[in-house]
Every structure is written in structure tokens, then in C-alpha cells.
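As a plain string of letters, each chain reads:
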Amino acid sequence: MFWAIYISSAICLSYVLANFNRKYSSEVFLFLVITLLTPARIEVTNLEYAPSLITYIFNIVFEQNFSTRILRPLAITLPFGIIAFVFYSIIKRKFSRQ
């Protein structure tokens, strides 16, 4: 239940923040959705997942744990999302000319 509420609120927040910039709204939306929804394991031995950025901020503020292990999934998914969006834009530009 937590993940359903979190996913829907993250998508709504990304949509609202992306609409502030009309020129690059789809790029901002994609960046925010990927950043907010990338899951990471809370602990290595535990199989529970949590949003990586929020877990990283929680670790810094409350546990004073400055490990970047939590951000590894984000470092993988963010470049893949950007590359996929660039390829989508190129293909859309090629086929939309008529």
C-alpha cells in the first residue's frame, strides 16, 4: 500500500513541478520521476526496498551515515533514462517530418 501511495504522489509532484517550465516539461518530468521512484535496498542483508534519494537524505540527516551505496541504483537508472529519452526524441524528430 505504501508504494502505491508513494508512486502516485511522486508522479503528481513531478507533473506539477514539470509544468512550471513549459519548454522542457517532459525532460523535467522524466528526470523527477526517475529520481523519486528509483528503489534501493535499505540494508545489504535485508530485502526491503525504499526510494533511494529519500533513504539517502534520511541516512545523512538522522543516522549520519554518509555512504553512497544507496545512490548506486540511481546512478544506473538516471543515465539509462536520459539516453532512452534522447533516442525517443531523435526517432520522433525523424518520423514527424512530413
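Before any of the text, the structure's been laid out above.
Definitions and cut-offs
Position labels on residues start from 1 in each chain and follow its written sequence. Local features in this predicted model are restricted to residues of pLDDT 70 or higher, and side-chain atom pairs are both shown and tallied only at a pLDDT of 80 or more, whereas totals for entire chains, interfaces and linings draw on every residue. The side-chain quantities take in all heavy atoms of the structure and omit both hydrogens and water. To qualify as a helix, a DSSP run of H or I must reach at least 4 residues; to qualify as a strand, a run of E must reach at least 2; elements of each kind are numbered from the N terminus. Every radius of gyration here is taken over C-alpha atoms, with the globule rule written as 2.2 Å times N^0.38, N being the number of residues. Between buried and exposed lies partly exposed: a residue is buried under 20% and exposed over 50% of the maximum accessible area for its type, with that area taken using a 1.4 Å probe on protein chains only. We call two residues in contact whenever any of their non-hydrogen atoms come within 4.5 Å of each other. In these tables, accessible area is a Shrake-Rupley quantity obtained with a 1.4 Å probe, and a residue counts as shielded only by the protein chains included in the view. Lys and Arg are tallied as positive, Asp and Glu as negative. Neither His nor the chain termini are counted. A charge is said to be at NZ when it belongs to Lys, at CZ for Arg, at CG for Asp and at CD for Glu. Centres within 6.5 Å are what make two rings of Phe, Tyr or Trp a pair, Trp counting through its six-membered ring; a difference in plane orientation under 30 degrees is then read as stacked, over 60 as edge-to-face, and the rest as tilted. Residue count minus one, scaled by 1.5 Å, sets the expected span of a helix.

Chemist: What exactly am I supposed to notice about the overall build of the chain here?
Modeler: Secondary structure assignment for the chain yields 4 helices and 2 strands. Taken from the N to the C terminus, the helices and strands of the chain come in the order α-α-β-β-α-α. For the chain, the C-alpha radius of gyration of 16 Å lies well beyond 13 Å, the compact-globule estimate for 98 residues. Projected onto the principal axes, the alpha-carbon positions of the chain cover approximately 55 × 25 × 25 Å. Relative to its full complement of 98 residues, the chain shows a buried share of 22%. Within the chain, contacts between residues at least 6 apart in sequence are counted, and of these 45% link residues at least 24 apart. When the accessible surface of the chain is summed, it comes to about 7,500 Å², and 70% of that surface belongs to carbon and sulfur atoms. Both charge centroids of the chain, one from 9 positive and one from 4 negative side chains, sit 22 Å from each other.

Chemist: Can you help me understand the packing of aromatic side chains in this one?
Modeler: For any pair of aromatic rings, the description rests on two quantities: the centre-to-centre distance and the angle between the ring planes. Evaluation of the coordinates by the stated rule reveals 5 aromatic pairs. Aromatic pair phenylalanine 2 and tryptophan 3: ring centres 5.9 Å apart, planes at 70 degrees, arrangement edge-to-face. Aromatic pair tryptophan 3 and tyrosine 6: ring centres 6.0 Å apart, planes at 90 degrees, arrangement edge-to-face. One end of the pair, tryptophan 3, and the other, tyrosine 6, are both in helix H1 (residues 2-18), 3 residues apart, so they sit about a helical turn from each other. The exposure class assigned to tryptophan 3 is partly exposed, which follows from its relative accessible area of 29%. One aromatic cluster is present, built from ring pairs that chain together Phe2, Trp3 and Tyr6.

Chemist: Looking at this structure, I do not really get helix H2 (residues 25-37). What am I missing?
Modeler: It helps to recall that an α-helix has 3.6 residues per turn; residues three or four apart then point in one direction. The terminal C-alpha atoms of H2 lie 18 Å apart, and with 13 residues this matches the ideal 18 Å at 1.5 Å per residue to within 8%. Within H2, the full set of buried residues consists of Leu32, Val33, Ile34, Thr35 and Leu36.

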